[in-house]
Amino acid sequence: MEDQEFLARVPLFNSLKPAHVAELAARLRARSYRAGEVIFHQDDPGSSLHVIKSGCVKITTNSPEGQEIIMAILNEGESFGEIALLDGNPRSANAVAIQATQTLTLDRRDFLHIISCHPEMVSSVLAAVAAGWRRTSHLLEDAVFLDLPGRLAKRLLELADKHGVRTDKGIQVDLGLTQQDLGAAVGVSREALNKQLSLLQERGLVSLGKKRVTILRPAELRELIH
């Protein structure tokens, strides 16, 4: 019953009727991952869909030089792994747990069976896939049109909007991200990111803690995006 109530709130499945959600829940398997554990690698067989029940996951790829690039940071209720299940091809990216994470997994055979039986779910699946492609498109646009301070400001504000918690001091993002992770989200080295974060802190726009960033003046931070 707990999984049914959770799945009913997941965007990917909220078009299903309660009886169909119960059918879905019976096919799911719970998986647990430690912080830093790889859920799957790019080019692995695409055998299952994951829905995050708790924790946080980063979706990454690697540049030709071997530099990690974070394409998305996902949390509770979000899903990943849909593309490989739809086309049967290998994984298009890596998935790594940022925190201790639990996912509910659905095998490709069950996934395709449910879609064939409940075509009303197709629009939700397509929306999830489109959101992933849109994120990739935005990353490419930012790399071309924004300088490093602008890209960093944009990523920090996106993290604050999606994962931030409002405190007396500002919007706190406490996902356990390292500076290397933030650099991978912006597309720069840890050293270059550290320099930019220090400049933002000197200007009083952010406050830095261990694996934590607090946005102190979001309006002024937004002005760096141009």
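Model, not experiment: these values are computed from the prediction.

Draft legend 1. Representation of the environment of Gly66 in the model. By secondary structure assignment, the location of Gly66 is in the loop between strand 4 (56-62) and strand 5 (68-75). Given the relative accessible area of 52%, Gly66 is considered exposed. Put simply, Gly66 and Gln180 are 114 residues apart on the chain and 14 Å apart in space, counted from C-alpha to C-alpha.

Draft legend 2. Highlighting the sheet that holds strand 1 (residues 29-33). Pairing within the open sheet is antiparallel, and its four strands lie in the order 1-8-3-6. Each edge of the open sheet is held by one strand with a lone partner, namely strand 1 and strand 6 (79-80). Two strands pair when backbone bridges link them, and strand 3 (residues 48-54) and strand 6 are joined in this way by two bridges, in the antiparallel orientation. Each bridged residue has a counterpart across the sheet, and for His50 the counterpart in strand 6 is Phe80. Helix 4 (residues 108-117) contacts strand 3 and strand 8 (101-107) of the sheet and is inclined by roughly 65° relative to strand 8.

Draft legend 3. Quick look at the nonpolar core. Ranked by internal contacts, the top residues of the largest apolar core, which has 29 residues, are Ile73, Leu156, Leu182, Leu200, Ile215 and Leu221. Within the residue set of this core, elements represented by two or more residues are strand 5, helix 6 (148-163), strand 10 (171-173), helix 7 (179-186), helix 8 (190-202) and strand 12 (212-215). With seven residues, helix 6 is the largest single contributor of residues to this core. When sequence neighbours within four positions are dropped, the list of residues in contact with Leu221 reads Ala153, Leu156, Leu157, Leu200, Leu205 and Ile215.

Draft legend 4. Looking closely at helix 2 (residues 18-27). Taken residue by residue, helix 2 has Val21, Leu24 and Ala25 as its buried positions. Projected down its long axis, helix 2 carries its buried residues within an arc of 100°, all on one side. Relative to its buried face, helix 2 has exposed residues pointing more than 90 degrees away, namely Ala19 and Ala26. The inward-facing, buried residues of helix 2 abut helix 1 (2-7), strand 8 and helix 4.

Draft legend 5. How the structure looks around the packing of aromatic side chains. Tallying each qualifying case throughout the model produces one aromatic pair. Ring centres of Phe40 and Phe80 lie 5.8 Å apart, and the angle between their planes is 45°; this geometry places the pair in the tilted category. Remark: Phe80 occurs in strand 6 and Phe40 occurs in strand 2 (residues 38-40); sequence separation between them is 40 residues. The residues Phe40 and Phe80 share a single accessibility class, namely buried. If you follow Arg91 out to its NZ or CZ, it ends over the ring of Phe40, 4.0 Å from the centre.

Draft legend 6. Quick peek at the packing of helix 6 against helix 7. Contact pair helix 6 / helix 7: the axes reach a minimum separation of 9 Å and the direction vectors enclose 110°. Put simply, helix 6 runs roughly perpendicular to helix 7. As for how helix 6 packs across helix 7, the hand of that crossing is right-handed. Across the interface between the two elements, Leu148, Arg151, Leu152, Arg155, Leu156 and Leu159 from helix 6 touch Leu182, Ala185 and Val186 from helix 7. Counted by class, the contact of helix 6 with helix 7 contains seven nonpolar, no polar and two charged residues.

So, how was this worked out
- Residues numbered from 1 in each chain as written.
- Predicted model: local features only at pLDDT ≥ 70, side-chain atom pairs only at ≥ 80, totals over all residues.
- Heavy atoms only, no water.
- Helix = DSSP H or I, 4+ residues; strand = E, 2+ residues; numbered from the N terminus.
- Buried < 20%, exposed > 50% of the residue type's maximum accessible area, 1.4 Å probe, protein only.
- Pairing = 2+ DSSP bridges.
- Contact = heavy atoms within 4.5 Å.
- Axes fitted to C-alpha atoms, helices over the stretch in contact; angles between N-to-C directions.
- Core = buried A, V, L, I, M, F, W, Y, C linked by side-chain atoms within 4.5 Å.
- Arc of directions from axis to C-beta.
- Phe/Tyr/Trp six-rings, centres within 6.5 Å; stacked < 30°, edge-to-face > 60°.
- Lys NZ or Arg CZ within 6 Å of the ring centre and 35° of its normal.
- Parallel < 35°, antiparallel > 145°, perpendicular 65-115°, else oblique.
- Left-handed = near helix turned anticlockwise from the far one by under 90°.
- Nonpolar A, V, L, I, M, F, W, Y, C, P; charged D, E, K, R; others polar.

Geometry only, nothing functional implied.
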